[in-house]
Amino acid sequence: QVQLVESGGGLVQPGGSLSLSCAASGSIFSAYTMGWYRQAPGKERELVAAISSAGTTTYADSVKGRFTISGNNAKNTVYLQMNSLKPEDTAVYYCHAQNKYVSAMAYWGKGTLVTVSS
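Engineer: Mind showing me how you'd approach the state of the cysteines here?
Structural biologist: Cysteine pairs can be linked by a disulfide, which is a covalent bond between their two sulfur atoms. Counted by the stated rule, this structure contains 1 disulfide. Disulfide partner of C22: C95, at an S-S distance of 2.1 Å. Where C22 bonds to C95 through sulfur, the torsion about that S-S bond is close to -80°, and the disulfide is left-handed. Taken together, the positions of C22 in strand β3 (residues 18–24) and C95 in strand β9 (residues 91–99) put the pair 73 residues apart, joining distant regions of the chain. Since its relative accessible area comes to 0%, C95 is described here as buried.

Structure below.
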């Protein structure tokens, strides 16, 4: 069982920055694709960014050029640096781990709230 704990959410003004962290319970990066998803009120959960075990990154079009996903294998932590934040970025952000060999082995964190408002 993999446990994921997010941190770093909060209130920020439009144009500001926040950095989210997701700490995993073990050394999983070699076998998992790590991702950040978000869910805004009344909307479906959507992929924001992902990073594979090989370091390949993927971003939603809405965050390209503003958000950066990265990982630190030694700390079992994945990060999401969010710059130039917009009100429409307001959502609960969830960390996700997907085993690349076994599709049923997928885990979610409990989420951290990001609010972008003046």
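So, next bit.
Engineer: When you look at the sheet that holds strand β1 (residues 4–7) in this model, what are you seeing that I'm missing?
Structural biologist: In a beta sheet, neighbouring strands are held together by backbone hydrogen bonds and run either parallel or antiparallel to one another. Spatially, β1-β3-β8-β7 is the arrangement adopted by the 4 strands of the open sheet, whose pairing is antiparallel. Edge strands, defined here as strands with exactly one partner in the open sheet, are β1 and β7 (67–72). For this sheet, the mean angle separating the axes of adjacent strands, direction not counted, is 15°. Bridging between β3 and strand β8 (residues 77–82) involves 6 bridges; their strand directions are antiparallel. Counted as the bridge partner of C22 is V78 from β8.

Engineer: Quick question: what am I supposed to make of the side chain of E6 here?
Structural biologist: Relative to the helices and strands, E6 resides in strand β1. Within the buried core, E6 has no salt-bridge partner, and the shortest N-O distance to an opposite charge, that of R45, equals 7.6 Å. Within polar-contact distance, the side chain of E6 engages the backbone nitrogen of C95 at 2.8 Å. Here the side chain of E6 touches G111 through a polar contact of 2.9 Å, landing on its backbone nitrogen. Sequence-distant contacts of E6, that is, excluding residues within four places in its chain, are made with S21, C22, W36, Y93, Y94, C95, G109, K110, G111 and T112.

Engineer: Is there a simple way to think about the environment of K43 in this case?
Structural biologist: Positionally, K43 belongs in the loop between β4 (32–39) and β5 (46–51). For the pair formed by K43 and A91, sequence separation is 48 residues and the distance between their alpha carbons is 9.5 Å.

Engineer: Would you take a moment to explain the packing of aromatic side chains for this structure?
Structural biologist: Each pair of aromatic rings is reported with the distance of its centres and the angle of its planes. Scanning the model with the defined rule gives 3 aromatic pairs in all. Taken together, a centroid distance of 6.3 Å and an interplanar angle of 45° make the contact between Y32 and Y107 tilted. Of this pair, Y32 sits in strand β4 while Y107 sits in strand β10 (residues 106–108), and the two are 75 residues apart along the sequence. The pair Y32 / Y107 is uniform in exposure class, with both members buried.

Engineer: Looking at this structure, I do not really get unusual backbone geometry. What am I missing?
Structural biologist: Most peptide bonds adopt trans geometry, and most residues besides glycine take a negative phi value. If you check the backbone angles, N76 has positive phi at about 50° while not being a glycine. Tracing the backbone shows N76 in the loop between β7 and β8.

About the thresholds
Residues numbered from 1 in each chain as written. Predicted model: local features only at pLDDT ≥ 70, side-chain atom pairs only at ≥ 80, totals over all residues. Heavy atoms only, no water. Disulfide = S-S within 2.5 Å. Helix = DSSP H or I, 4+ residues; strand = E, 2+ residues; numbered from the N terminus. Buried < 20%, exposed > 50% of the residue type's maximum accessible area, 1.4 Å probe, protein only. Pairing = 2+ DSSP bridges. Axes fitted to C-alpha atoms, helices over the stretch in contact; angles between N-to-C directions. Lys, Arg positive; Asp, Glu negative; His and termini not counted. Salt bridge = Lys/Arg side-chain N within 4 Å of Asp/Glu carboxyl O. Polar contact = N/O pair within 3.5 Å; in protein donor to acceptor, adjacent residues only side chain to side chain. Contact = heavy atoms within 4.5 Å. Phe/Tyr/Trp six-rings, centres within 6.5 Å; stacked < 30°, edge-to-face > 60°.

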